[in-house]
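Here is what each chain is made of, one letter per residue.
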Amino acid sequence: MRTRVIGAVQGRSPFSLVIRNVRIVNVYNDTVTEGSIGIVDDRIAYAGPMDFACQAEEELDGGGCYALPGFVDAHMHLESSMLTPAHFAEVVLACGTTTVAADPHEIGNVLGLEGVRALMEAAGGLPLRVLMMAPSTIPSAPGFEDSGYDVGPEEAARLLDLPGISGLGEVMDFHAVAAGETRILSVVEEALKRGCLVDGHASLLTGRDLQAFRAAGIDSDHTLRTADKLREELALGFNVQIQSGNLSREMAEAMNSAPVQDQICLVTDDVPLPKLMERGHLNRVVAEAMALGLDPVRAVRFATINPARRLRLYDVGAIAPGMIADIQLVRDLREPRPEAVFCAGRLVCRGGRLLEPLPRPDLSAVLEGTVRCAPVAEGDLVIPAPAGETALVNVIREDGVSARTTRAQRELPVTADADGHPALDTGGYLKMAVFNRYGKRQHGLALIEGMGPVSGAVALTYGHDAHNLTVFGGNDADMALAANGVIEMQGGICAASGGRLLTQVPLPLAGLLSPERPETLLAQLRAFLSDCARMGFHHKDLMSFFTIMPLAVSPEIKCTDRGLVDVAHKRFLPLIEERRGS
């Protein structure tokens, strides 16, 4: 019973805490009101002008700050930060994020149910509220890549029945859903019959295919890139989730003018550690949306009450009586960097610093030793070609700015390899190789246009979804050296140039996570990115480039451990289309 809560409001008993002198952002009626917030235990008991006598066990002067609900991220992946859950919580709580819905399909691809269970247990007991989803689409593109686990209806049932699972993570095989393929629909059905949330990923669907996707019971999408897609999805009843990379002035205006306001959320999806540490978490997305024209109070609503309701957290996401007291105090509404953060009524961060240590369980027993890949030889990287003067080659075109790729065909000369066999002359192109890291002796090769010339190589097991060993480079010797450096570390990131290893970033936990503190890991990643710049790797978002190039659900053409994939048409492409000349 909430006798103490009512007693405090009526003046019969003390508040646990009163935060005075704040400007309360009300996400229910789009207003900002000067007043105070009275808290009893973990609940807000009163919010507004406090013009009556009251008692309080503790008082805090808000100094005229805006009081916002803690941010709620309805779609994200813990593993993209490379941090353990406790270290991640330490960073994002200081950014005002107090709740996340985490889809662990990254670790699920590597270790399946045991990996998801380990990550969930590591996220328990934190002041950051972590709702864990069951990964749905492993591998993300069945038949086009291989990972360490495979989710069919039986595996989905076991994942969904893990204690504490909140729903089904993003369904990425959108073509299969729209086509009515039994395998993926059976996975979705396991969630629906349990009454679970079902998240979606429908980047290329529109019209009848999008309606089929929605009819399957999948009612969210975080991949929409245009205002027209936003309007189409709102009209179909989707919960639309806008991430930073898809924000624009047109998108902000569409969100401002949307007739349905409670179905729009701002989300992070993936935030690599350098961005997280240097720019922030969901607060960065909120600030960017405001800068592009989104109404400030709506931006706050789209990052608090809307995602909370999406996640069926009906007492989270607002500063109002009866709600859980997740509160942040920010000086500037348009640049929300919290001066103080409260989780369930308890002050956990002040001035950007966590006030108490968090539990950090040892994850090594479950998550270490996951890279089962034979050493890479230079010969593995040679692209054999039919005898002739030239060959017509399918290449991946990259603009150096976005992660979206296009297919192009180029005529390249044919030379000889070290053994005298015909091989493609790949000078001027960035070579890419993806090696299966789960015990299969197979790898795919590709050439990328628009990213050369490069003098060295990088290799990494950190990526998206399958997390196979991906290597990029300008010469085969350095590519093999970098790849073997990662294998020896049992996962991580490595740079090599001129026959020597440069920066190595060990990620021994599933090849994805580091046990190091955020500051230590950030320094390692900065050194790695500096090495990349010196070798000639140039991209507006280099880490995203490295991780998305082997992602077989990202338009338009990518490379996996099975080869070159035409994502839009769901088919393999030969690297060499035909020989030319004698």
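As the structure is a computational prediction, the values presented were derived from the model and not from experiment.

Q: Sorry if this is basic, but what is going on with the sheet that holds strand β13 (residues 264-266) here?
A: Two modes of strand pairing occur in sheets, parallel and antiparallel, and in both the strands are linked by backbone hydrogen bonds. Reading across from one edge, β11-β12-β13 is the order of the three strands in this open sheet, with parallel pairing throughout. Two strands bound the open sheet, and with one partner strand each, they are β11 (220-221) and β13. Judged from the three bridges that link them, strand β12 (residues 239-242) and β13 form a sheet pairing that is parallel. If you follow glutamine 241 over to β13, its bridge partner there is cysteine 265. Contacts from helix α8 (residues 227-235) reach β11, β12 and β13, with the element oriented near 155° to β12.

Q: Please clarify how the nonpolar core should be interpreted in this entry.
A: Core analysis: the largest hydrophobic core is formed by 184 residues, its most contacted members being Leu266, Ile327, Phe472 and Phe546. Per-element tally for this core: the top contributor is helix α3 (residues 105-123), with nine residues. Not counting residues up to four positions away in its chain, the partners in contact with isoleucine 327 are Ile19, Ile37, Ile39, Ile44, Ala67, Leu68, Gly70, Ile319, Ala340, Val341 and Phe342. Of all hydrophobic cores here, the second largest spans 13 residues; its members include Ala101, Cys265, Leu311 and Leu313.

Q: Could you clarify how one ought to interpret the packing of helix α4 (residues 153-160) against helix α6 (residues 182-192) in this entry?
A: Any two packed helices are characterised by the angle at which their axes cross and by the distance between the axes. Relative to each other, α4 and α6 sit at 25°, their axes nearing to 8 Å. By the angle class used here, α4 and α6 are roughly parallel. The two elements α4 and α6 meet at a crossing, and its hand is right-handed. Residue-level inspection shows Pro153, Ala156, Ala157 and Leu160 of α4 in contact with α6, the latter providing Arg183, Ser186, Val187, Glu190 and Ala191. Within the contact of α4 with α6, the residues separate by chemical class into six nonpolar, one polar and two charged.

Q: Help me understand the packing of α8 against helix α9 (residues 249-257) in this model?
A: Relative to each other, α8 and α9 sit at 30°, their axes nearing to 8 Å. One element, α8, and the other, α9, form an angle in the roughly parallel class. Residues Ala227, Leu230 and Arg231 of α8 touch α9, and the partners they reach there are Glu250, Met251, Ala254 and Met255. A breakdown of the residues in the contact of α8 with α9 according to their chemical character gives five nonpolar, no polar and two charged.

Q: What is the right way to read the packing of aromatic side chains from this model?
A: Under the criterion given, the structure shown has eight aromatic pairs. Both rings, one in tyrosine 46 and one in phenylalanine 52, keep their centres 5.1 Å apart while their planes meet at 85°; by these two values the pair is edge-to-face. A relative accessible area of 27% means that phenylalanine 52 is categorised as partly exposed. A centroid spacing of 5.7 Å and a plane angle of 55° characterise the contact between phenylalanine 545 and phenylalanine 546, whose relative ring orientation is tilted. The residues phenylalanine 545 and phenylalanine 546 share a single accessibility class, namely buried. Note that arginine 23 overlies the ring of tyrosine 66, its terminal NZ or CZ placed 4.1 Å from the centroid. Taking the ring centre of phenylalanine 238 as reference, the NZ or CZ of arginine 214 above it sits at 5.9 Å.

Q: Before we go on, may I ask you to explain the side chain of glutamate 398 in this structure?
A: Along the chain, glutamate 398 falls in strand β18 (residues 390-398). Put simply, glutamate 398 is tucked away with no salt bridge, and the nearest opposite charge, on lysine 558, sits 6.8 Å away. Setting aside residues no more than four positions away along its own chain, glutamate 398 makes contact with Ala403, Arg404, Thr405, Ile448, Glu449, Gly450, Met451, His539, Phe545 and Met549.

Q: Is there a simple way to think about the pairing of strand β21 (residues 430-435) in this case?
A: Each regular strand carries side chains that alternate between the two faces of the sheet. Across the six residues of β21, six count as buried, placing the element largely inside the fold. Going residue by residue along β21, you find Leu430, Met432 and Val434 tucked away on one face and Lys431, Ala433 and Phe435 tucked away on the opposite face as well. Two elements, β21 and strand β22 (residues 443-449), share six bridges in a ladder whose sense is antiparallel. Following the sheet pairing, valine 434 is matched in β22 by glycine 444. As paired elements, β21 and strand β24 (residues 469-473) share five bridges and run antiparallel to each other. Pairing of valine 434 across the sheet is with threonine 470, part of β24.

Cut-offs used in this document
- Residues numbered from 1 in each chain as written.
- Predicted model: local features only at pLDDT ≥ 70, side-chain atom pairs only at ≥ 80, totals over all residues.
- Heavy atoms only, no water.
- Pairing = 2+ DSSP bridges.
- Helix = DSSP H or I, 4+ residues; strand = E, 2+ residues; numbered from the N terminus.
- Contact = heavy atoms within 4.5 Å.
- Axes fitted to C-alpha atoms, helices over the stretch in contact; angles between N-to-C directions.
- Core = buried A, V, L, I, M, F, W, Y, C linked by side-chain atoms within 4.5 Å.
- Buried < 20%, exposed > 50% of the residue type's maximum accessible area, 1.4 Å probe, protein only.
- Parallel < 35°, antiparallel > 145°, perpendicular 65-115°, else oblique.
- Left-handed = near helix turned anticlockwise from the far one by under 90°.
- Nonpolar A, V, L, I, M, F, W, Y, C, P; charged D, E, K, R; others polar.
- Phe/Tyr/Trp six-rings, centres within 6.5 Å; stacked < 30°, edge-to-face > 60°.
- Lys NZ or Arg CZ within 6 Å of the ring centre and 35° of its normal.
- Lys, Arg positive; Asp, Glu negative; His and termini not counted.
- Salt bridge = Lys/Arg side-chain N within 4 Å of Asp/Glu carboxyl O.

Everything listed is a geometric property; what it means functionally is a separate question.
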